[in-house]
Each structure stands twice: as C-alpha cells, then as structure tokens.
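Descriptive analysis of the structure
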Amino acid sequence: MVDELWNDLRRVREEAPLVHNITNFVVMNNTANALLAVGALPVMAHAVEEVAEMTALAGALVINIGTLAREWIEAMATAMATARERGIPIVFDPVGAGATTFRTQTCFDLLGRVAPAVIRGNASEIMALAGSAVRTKGVDSSAAADAAEDAALLLARRYSCAVVVSGAVDLLVDGKRKFLVRNGHPLMPKVTGLGCTATALVGAFCAVNGDSLTAARHAMTVMGICGELAAAKAAGPGSMQVHFIDALYNLDAEQLRAHGLDPR
Amino acid sequence: MVDELWNDLRRVREEAPLVHNITNFVVMNNTANALLAVGALPVMAHAVEEVAEMTALAGALVINIGTLAREWIEAMATAMATARERGIPIVFDPVGAGATTFRTQTCFDLLGRVAPAVIRGNASEIMALAGSAVRTKGVDSSAAADAAEDAALLLARRYSCAVVVSGAVDLLVDGKRKFLVRNGHPLMPKVTGLGCTATALVGAFCAVNGDSLTAARHAMTVMGICGELAAAKAAGPGSMQVHFIDALYNLDAEQLRAHGLDPR
Amino acid sequence: MVDELWNDLRRVREEAPLVHNITNFVVMNNTANALLAVGALPVMAHAVEEVAEMTALAGALVINIGTLAREWIEAMATAMATARERGIPIVFDPVGAGATTFRTQTCFDLLGRVAPAVIRGNASEIMALAGSAVRTKGVDSSAAADAAEDAALLLARRYSCAVVVSGAVDLLVDGKRKFLVRNGHPLMPKVTGLGCTATALVGAFCAVNGDSLTAARHAMTVMGICGELAAAKAAGPGSMQVHFIDALYNLDAEQLRAHGLDPR
C-alpha cells in the first residue's frame with residue numbers, strides 16, 4: 001500500500017487539485033492550511049449565488065455542517081447537485097449529528113438528495129445517521145465498536161458510498177471492503193478540528209483517485225502518520241497543531257514506510 | 001486557594017464538561033483549543049433552530065458578541081433562556097460594548113432578559129455597560145481603576161452576578177466579595193482573543209463549581225499562570241499562543257504553587 | 001527607504017491605529033494577530049447596524065471579499081461610504097475575483113461606488129478586475145507579468161488609487177510611480193491568508209502615511225522581510241505562520257537594513 005499511497009500523495013502535490021469547502025467557522029483556517037500543506041488548493045465559499053460556479057472548478061467538494069445555519073443548507077445542496085452533475089467527488093462530514101434534531105435532519109435532507117463519495121464522522125455521528133436501524137449488541141466492551149461498524153455498513157449501502165468511522169483505530173468500509181487504519185496519536189483529539197482536517201484531506205485524495213475507499217484510506221493513513229510525527233515533537237496540543245501542518249508538508253516515502261502501514 | 005483551584009481543574013479534566021459557545025468568528029478556533037486543552041469539551045453552535053437543544057446538553061453557556069450580527073441575537077437570547085430554565089451557568093462577554101450603539105444596546109437587551117452568572121470584560125466594556133451611573137472621580141492615576149471598580153460593583157448588583165474586569169491586574173467582584181488576580185504577562189494582550197479565551201475558561205470552571213466568583217477567580221488565575229509559563233518560552237505573540245495552549249494542557253499543582261497565587 | 005519605512009513602522013507602534021476589517025472567516029484570527037504584532041489595533045465587525053459607527057473610529061478600513069455573502073455587501077458599501085466621507089483610507093482585497101461572476105460583479109459594484117486608496121490582489125485577481133480591456137501580449141514568458149502590469153495600471157487610473165500585485169516579486173503602481181518589492185519567500189503562499197495579512201498591513205501603514213503607494217510599499221516590504229526571517233526558522237508552513245507573527249512583533253531597523261531593501 002505504501003507505493004499506492006505515495007503515488008496518490010505525489011499526484012496531489014503535482015496536480016494541486018482545487019478542493020471546495022463549505023465548512024464550519026471553527027476550522028476554516030487550519031483546514032485550509034492542511035490542504036495547502038498536503039499540496040492541494042483550498043477554497044472556502046458558501047454564497048448560494050456562487051457555489052455552483054465554484055464547485056464546477058473543483059476536483060472535490062467537502063461539506064461539513066459544524067457551525068450549521070439554515071441559510072447555508074441551500075448552498076450545500078446546490079454545491080452537491082453541481083458536483084453530482086459533473087462527477088466531482090463529495091466528502092460529507094456530519095459534525096454533531098445526533099446532538100440536535102436540526103443537525104440530524106439536515107444530514108438526512110442533504111444526503112437524501114445527493115449521495116456522497118465518502119462520509120467521515122466519529123462513531124456517535126455515524127450511528128446517529130444510521131438511526132434506529134442499528135441495534136446495540138449488549139454491554140460488552142466491543143459493543144460500541146460493533147455498533148459503529150454495523151452503522152457504517154448500513155450507511156455505505158444506503159448511499160452506495162465509502163464510510164470512515166474515525167477513532168483510536170479508524171474503520172473504513174464500503175459495500176464490499178473493510179480497512180482499519182491504526183496510525184494516529186492520543187493527542188490528536190485534543191486539537192480542535194483534526195477530524196474536519198481528515199475530511200478535507202479525504203477530499204484532496206478523492207480528487208486524484210476515483211476509488212473513494214482507497215482515497216479515504218490513504219488520507220486517513222496520512223493523517224495518522226503525521227499525527228505520530230507531530231506528537232513526537234509536540235509539548236502539547238498547541239505545538240501539536242503546528243508540527244502536524246509541518247509534517248504534512250514534509251511527509252516523504254521513507255516516513256510512510258517507517259510508520260508501519262497496516263498490511264490489511 | 002491552590003488546593004481549591006487544583007480541585008476544580010481536576011474536576012474539569014475528569015468531568016470534561018460540555019461548554020456551549022455562541023462566540024465570534026475571530027476566536028472560535030483558539031477558544032475551542034483552549035477549552036480542549038484545559039480538559040473541557042467545546043461546542044460552537046449558533047443556529048436558532050438548535051441552540052436550545054444544544055444548550056440543554058451543556059455544563060455552561062458562553063455568550064460573546066465579538067462579531068455580532070442581528071440574526072445571532074435571537075439565538076443568544078434563546079440559548080440564555082434555556083440555560084436559565086435548566087440552571088446552567090451563563091458567562092457573558094460584552095466585546096466592544098461602548099464602541100457602537102448596536103453592541104451596547106444588544107448587551108442591555110440580552111442581559112435585561114436573562115442575568116448571567118458572570119460578566120467578563122475589559123475596563124472600558126464594563127464601564128460602558130454600567131453607563132452614566134458611574135462617576136469618574138477626577139484625573140488622578142487611580143481614577144480609571146476606581147471607575148472600573150464602581151462599574152463592576154454596579155453591574156454585580158444590577159444582575160446579581162459576578163463581574164470580572166480583565167487587565168494587568170484582574171478585578172473580580174460580586175455583591176459581597178472582591179478578589180484581585182495579579183498573574184499574567186504583558187504579551188497576553190498582543191495575542192488576539194485571549195480575553196475571549198478567559199471568558200470560555202470561566203465557563204468551564206463554572207460548569208464544575210457553583211460559586212461563580214470562585215470559579216471565575218480560578219479561571220483567571222489559570223489564564224494568568226499559563227500566560228506567565230508561555231511567555232517564558234515565547235519569542236513573540238505567535239509562539240505565545242502556541243505555548244499558552246501547551247501550558248494549559250500541562251498545568252500541574254506544582255506550577256500553581258510556584259507561580260505565587262495572590263493570598264487575597 | 002529604510003529610514004522612511006522605519007519611521008512608519010514606529011508610528012504604527014506608537015499610534016496603534018484602529019484598523020476596521022470586514023474580512024473573511026478563514027483569516028480573521030491570523031489577520032488580527034498580524035495587526036496586533038505590527039502594533040495596530042484590529043477590529044472585526046460586519047453588522048450593517050454598526051459598521052458606519054465602527055469605521056468612523058478607525059484609522060483605516062480593510063475590505064476583503066474572501067468568504068463573501070450577499071448580506072455582507074451592504075455592510076461593506078456602508079463602511080466604504082463612511083470612510084470616504086471622513087477621509088479614512090480604504091484598502092480593498094478582491095479575493096477570488098474572476099473565479100465566479102458573483103465575486104467579480106461585487107468588486108465592480110463596490111469599487112464603482114467608492115474608490116479605495118489601495119487595491120491588493122494576485123495577478124489573476126487584478127487582471128479579472130481590469131477585465132477585457134487587458135490584452136495579453138503573446139505566449140512568451142513575460143506575457144503574464146506584462147499583462148498584470150497593464151491591468152494594474154488600468155485599475156490605478158480607473159479608480160485613482162494605488163494597486164499592489166502580489167507575487168514572487170510584488171508590483172506596486174499608481175498613475176505615476178512604479179515599485180517592485182523583491183523580499184519574500186516561497187513558503188509564504190503555503191500559509192493560508194498571508195495575502196489577506198498583507199492587505200491588512202497595508203491598512204495599518206495607510207493609517208499613518210497619507211501617501212498610499214508608499215504606505216503599501218512599506219507594508220509589502222515588511223511582509224517580505226518577515227517572511228524571510230520566519231522562513232529561516234520554519235520547518236514547514238505550520239511553524240512559518242508562528243515565526244511570521246513573532247518576526248512582525250520583533251522587527252527592528254537592523255533587520256530592515258540587513259534584508260537588502262530594493263533601491264528602486
């Protein structure tokens with residue numbers, strides 16, 4: 001997998017795909033910096049007057065509902081419709097799905113109109129999107145992981161897309177394949193918006209690789225390895241963010257190999 | 001006070017209270033990072049459709065009018081009403097009160113509907129909220145400090161809340177008690193939004209300590225000590241922000257003691 | 001020019017002019033930090049209810065259309081009208097002009113109502129604003145640079161303003177003079193929003209120097225030198241941003257001289 005991943009990373013750096021983000025206020029700056037660092041070109045634009053035109057220029061569309069407001073939903077739907085018409089991959093981040101009805105319903109509304117190439121969320125967000133159809137299997141320690149996997153599979157089938165469940169170990173599924181990404185570091189969730197950064201990087205890799213699950217696997221592996229590289233230098237979450245961006249920018253094939261890609 | 005403060009900090013880290021922020025665009029990222037670093041869970045959400053539901057999940061509500069817009073005011077009022085109904089502490093930051101009529105009036109409007117647990121601002125903001133009822137006492141060097149204290153006391157009584165006046169020395173009052181926090185560093189105001197960070201940390205401490213003035217004192221002391229720790233390593237305001245977040249994350253009881261808490 | 005620049009920088013630090021920014025979500029935090037680091041006082045405010053009052057307090061107004069939305073345009077126009085009435089310099093950043101019709105038309109609309117003191121953009125943005133009146137001169141390697149210069153001159157005459165075309169070498173013109181700023185570093189465009197930071201610093205220098213072209217030249221030179229100083233310490237774009245802010249804060253006359261100001 002190292003060679004494939006390295007090929008994709010080189011393509012991102014050489015082709016510098018435009019990634020159109022309709023995302024939340026909290027992470028716009030560090031998401032843009034992560035996309036630049038990995039070699040892509042970020043653009044943030046959300047006006048309903050221009051999103052169709054902007055999406056049409058892009059290699060991928062990232063939709064993130066983090067600081068959702070009603071007036072942004074139409075822009076998200078318009079951008080997603082444009083992406084579908086033009087075959088541009090959509091990566092969807094259901095931030096906070098399950099926390100409020102507004103968030104959960106907006107996800108159902110948007111995903112029901114246009115299916116994405118990839119959905120990336122944490123276990124509780126993925127389970128919220130899967131809804132009551134997921135049965136928890138008891139109280140044993142593996143119940144949460146099993147429930148998240150069931151939910152991911154359900155979403156993968158419902159929307160014919162790849163699904164990434166982020167966590168200490170990332171789970172990636174589509175209707176046929178399953179991958180785990182074990183790279184990463186416990187300091188990562190202490191930096192706000194690294195999940196949103198992961199979603200954006202999935203967008204960058206989808207722009208150069210038409211196999212969405214593989215693109216997502218590459219992006220999540222890059223996230224995890226850069227997290228490990230950054231944590232080795234960081235003194236806390238402040239310096240973690242700084243080193244993470246530096247690591248993304250400097251990541252080379254040697255580091256990919258040294259950080260032990262999971263053979264599955 | 002070290003033991004009490006340390007107890008509160010440990011509770012924040014153990015309980016990880018959800019802090020719901022309706023705050024400004026400038027500081028959303030570093031506020032979220034500061035809340036994560038201190039051990040709390042930040043959420044930023046401002047849609048009127050969901051704020052009541054989100055606030056109901058939270059251990060504290062932080063309202064900050066930094067990049068105010070008319071359509072956010074209803075969301076702020078709704079969130080504050082929910083917090084009052086459920087006994088969730090509200091921390092209010094009147095950014096720029098006094099600079100424009102819109103800001104000052106919005107503060108009066110919001111505070112007049114629901115009184116917060118704590119108001120935190122700089123001297124000019126606190127004086128603007130106190131309005132003409134504050135008499136300046138002349139032109140001697142202590143006039144500004146005296147006027148700010150009078151204003152803080154007036155607000156503390158008007159809203160039956162704690163009031164924090166941030167500055168080189170922070171002044172904290174409620175109707176009965178008064179504290180000064182002398183920790184801090186001159187580089188802190190050169191980092192944008194550390195005042196907003198202070199407000200958010202007051203929220204985190206209010207979530208674990210029902211005595212609002214004590215919670216605010218603990219938060220402002222943590223701010224000041226982390227500012228001192230960060231400044232000792234910083235080469236300017238850029239690295240100051242990074243080291244500040246790292247210091248928040250690593251702060252221990254030894255550092256609290258070494259940094260000479262004011263005995264008052 | 002070192003003495004003149006140093007004089008302006010000292011004036012910014014001593015007078016701490018208020019710079020009112022109506023700018024994009026991506027860069028609000030690092031723009032505010034850059035303005036603080038250079039010695040100015042940033043304020044971000046965009047509500048139509050208050051922008052006139054806020055602009056009236058400011059030494060310069062910065063308009064940046066990065067994450068444009070329809071409801072912000074009226075606020076921008078109102079702030080610009082206030083600035084014109086009061087002789088407050090306006091710096092305009094046409095982020096993404098040419099990428100969508102909405103952006104290009106909004107620029108024409110705003111600039112047609114009130115001419116700014118300075119327009120700062122990259123070559124493609126400046127050429128988009130100049131529109132069809134710019135003739136490309138062929139396919140030789142200097143064509144792009146020539147076309148951008150023609151466009152800059154056209155805009156400088158159309159709006160009687162200074163125009164900055166940012167790039168590896170910055171081009172600055174008004175109707176009569178032309179300057180090049182060769183300072184800078186290739187890592188700068190890998191940090192999101194350093195162009196927006198440049199625009200904001202032009203605002204800070206315009207607040208203390210009524211000669212807009214000279215003010216812009218000083219700001220762009222400070223940007224370039226701080227970019228060089230930061231790059232010397234940076235390990236990638238993450239640490240570049242941190243060191244850049246530190247460099248702005250610490251910049252001294254010795255460094256200005258050592259970094260070889262272009263004599264033109």
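Heads up: the structure comes first, above all this text.
Thresholds, definitions, all that
- Residues numbered from 1 in each chain as written.
- Chains lettered and ligands numbered in written order.
- Predicted model: local features only at pLDDT ≥ 70, side-chain atom pairs only at ≥ 80, totals over all residues.
- Heavy atoms only, no water.
- Least-squares fit on C-alpha atoms with pLDDT ≥ 70 in both.
- Contact = heavy atoms within 4.5 Å.
- Buried area = accessible area lost by both parts, 1.4 Å probe.
- Salt bridge = Lys/Arg side-chain N within 4 Å of Asp/Glu carboxyl O.
- Polar contact = N/O pair within 3.5 Å; in protein donor to acceptor, adjacent residues only side chain to side chain.
- Helix = DSSP H or I, 4+ residues; strand = E, 2+ residues; numbered from the N terminus.
- Nonpolar A, V, L, I, M, F, W, Y, C, P; charged D, E, K, R; others polar.
- Axes fitted to C-alpha atoms, helices over the stretch in contact; angles between N-to-C directions.
- Parallel < 35°, antiparallel > 145°, perpendicular 65-115°, else oblique.
- Left-handed = near helix turned anticlockwise from the far one by under 90°.
- Pairing = 2+ DSSP bridges.

Here we look at the relation of the copies chain C and chain B
Take chain C, turn it by 120°, move it 0.0 Å along the axis, and it overlays chain B with an RMSD of 0.0 Å. These values place the two chain copies in the arrangement generated by a three-fold rotation axis. Ranked by how close their C-alpha atoms come to the rotation axis, the residues of chain C are headed by Phe 25 of chain C, at 3.7 Å. Looking at chain C, a mere 9% of its interface residues are interface residues in chain B too, so the copies touch through different faces.

Re the interface of chain C and chain B
Listed per partner, the contact involves 23 residues of chain C and 25 residues of chain B. In total, chain C and chain B occlude about 2000 Å² of area from one another, counting both sides; carbon and sulfur atoms represent 60% of this. For the pair chain C and chain B, the interface holds 2 salt bridges. With a shortest N-O distance of 2.7 Å, Glu 50 of chain C and Arg 103 of chain B are connected by a salt bridge. For the pair chain C and chain B, the number of links is 11 residue pairs in polar contact (both at pLDDT 80 or more). Of all the secondary structure elements, the ones that give two or more residues to the side of chain C that touches chain B are α2 (28-38), α3 (51-56) and α10 (237-250) of chain C. Ranked by the residues each element gives to the side of chain C that touches chain B, the list is headed by α2 of chain C, at 6 residues. Of the residues that constitute the side of chain C that touches chain B, the class distribution is 14 nonpolar, 5 polar and 4 charged.

Considerations on the packing of helix α2 (residues 28-38) of chain B against helix α10 (residues 237-250) of chain B
Residues and elements named next belong to chain B. Following both chains from N to C, one finds α2 and α10 inclined at 25°, their axes separated by 7 Å at the closest point. With respect to α10, the axis of α2 lies roughly parallel. When the axes of α2 and α10 are compared, the crossing they make is right-handed. Contacts from Asn 30, Asn 33, Ala 34, Ala 37 and Val 38 of α2 reach α10 at Gln 241, Ile 245, Leu 248 and Tyr 249.

Here we look at unusual backbone geometry
Positive phi, close to 45°, is recorded for Ala 16 of chain B, a residue that is not glycine. Locating Ala 16 of chain B in the fold gives a position in the loop between α1 (2-15) and β1 (18-22).

Observations regarding the sheet that holds strand β8 (residues 178-181) of chain A
Residues and elements named next belong to chain A. Read across the open sheet, the 8 strands follow the order β2-β1-β3-β4-β5-β6-β7-β8; overall the sheet is mixed. On the outer flanks of this sheet lie β2 (41-44) and β8, each paired with one strand and no other. Within this sheet the neighbouring strands show an average axis-to-axis angle of 20°, counted without direction. Two strands pair when backbone bridges link them, and strand β4 (residues 90-93) and strand β5 (residues 118-122) are joined in this way by 2 bridges, in the parallel orientation. Note on β5: the bridge partner recorded for Phe 92 is Ile 119. Helix-sheet contacts for helix α4 (residues 70-86) involve β1 (18-22), β3 (60-64) and β4, and the interaxial angle to β3 is about 155°. In this fold helix α9 (residues 212-233) packs onto β5, β6 (162-166), β7 (170-173) and β8, with an angle of close to 170° to the strand it touches most, β7.

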